[in-house]
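# Structural overview for review
So the chains spell out like this:
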Amino acid sequence: TPAAPPAAKAPAPAPIKKAPARTKLVGVVETIRVEVADAAAAGGSETLTLPDGRVVAFDVPTGVAAGDSFDVEVSRTTYDAANPAPLPKKNANITRDD
């Protein structure tokens, strides 16, 4: 009996054509939730240090009481070789800067 012919190689997949970008990312915003520790902070300005080392300044809404919380929008930093990300702090907590 004759031997079976060798199997033919599958053709290479066609390259994926990427459409040109019509938009570009110019900034990313994330939201953090802040809890008011002291009602005396209402209407004032505060700063927080995030676990990644960023310092966030924001205004506390008037009329908030201790224990109330509100959202603060924070610009997200893009890291690359020229701007490497800081190492996260072990067991980091968000703290109020005095």
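To be clear, the structure that these remarks concern was listed above.
To start, this report covers the structure provided alongside it. (Residues numbered from 1 in each chain as written. Predicted model: local features only at pLDDT ≥ 70, side-chain atom pairs only at ≥ 80, totals over all residues. Heavy atoms only, no water.)

Regarding its fold elements, the protein chain presents zero helices and five strands. Starting at the N terminus, the α and β elements of the protein chain follow one another as β-β-β-β-β. The buried share of the protein chain, taken over its 98 residues, is 16%. Contacts in the protein chain between residues at least 24 apart in sequence constitute 58% of all its contacts with a sequence separation of at least 6. Surface exposure of the protein chain reaches about 8,400 Å², of which carbon and sulfur atoms provide 56%. (Helix = DSSP H or I, 4+ residues; strand = E, 2+ residues; numbered from the N terminus. Buried < 20%, exposed > 50% of the residue type's maximum accessible area, 1.4 Å probe, protein only. Contact = heavy atoms within 4.5 Å. Areas by Shrake-Rupley, 256 points an atom, 1.4 Å probe, with all protein chains shown as cover.)

In this section: the pattern of salt bridges. Using the criterion set out here, one finds one salt bridge in the structure. Among the salt bridges present, the one from Arg33 reaches Asp71, with a minimum N-O distance of 3.0 Å. With a gap of 38 residues between them, Arg33 in strand β1 (residues 28-35) and Asp71 in strand β4 (residues 69-76) connect regions that are remote in the sequence. On the basis of relative accessible area, Arg33 is assigned to the exposed category, the value being 56%. Here Asp71 falls in the partly exposed class, since its relative accessible area comes to 45%. (Salt bridge = Lys/Arg side-chain N within 4 Å of Asp/Glu carboxyl O.)

With that out of the way, let us pick up the nonpolar core. Within the largest apolar cluster, 13 residues are counted, with the highest numbers of intra-cluster contacts made by Ile32, Val34, Phe58, Phe70 and Val72. Contributions of two or more residues to this core are made by β1, β3 (55-59) and β4. For Val72, the residues in contact, after removing those within four places along its chain, are Glu30, Thr31, Ile32, Val34, Val56 and Phe58. (Core = buried A, V, L, I, M, F, W, Y, C linked by side-chain atoms within 4.5 Å.)

Another aspect to go through is the pairing of β3. Alternating residues of β3 divide into Val56 and Phe58, all buried, and Val55, Ala57 and Asp59, none buried. As consecutive antiparallel partners, strand β2 (residues 45-49) and β3 are separated by five residues, and within that stretch Gly53 has a phi angle of approximately 100 degrees, a positive value. (Pairing = 2+ DSSP bridges.)

With five bridges connecting them, β2 and β3 associate as antiparallel partners. Residue Thr47 lies in a different strand from β3, and its bridge partner there is Ala57.

Each C-alpha atom of the pair Arg33 and Glu73 lies 8.9 Å from the other, and the pair is 40 residues apart in sequence. Discounting residues that sit within four places of it in the chain, Arg33 has contacts with Ser69, Phe70 and Asp71. For Arg33, the side chain forms a polar contact with the side chain of Asp71, separated by 3.0 Å. (Polar contact = N/O pair within 3.5 Å; in protein donor to acceptor, adjacent residues only side chain to side chain.)

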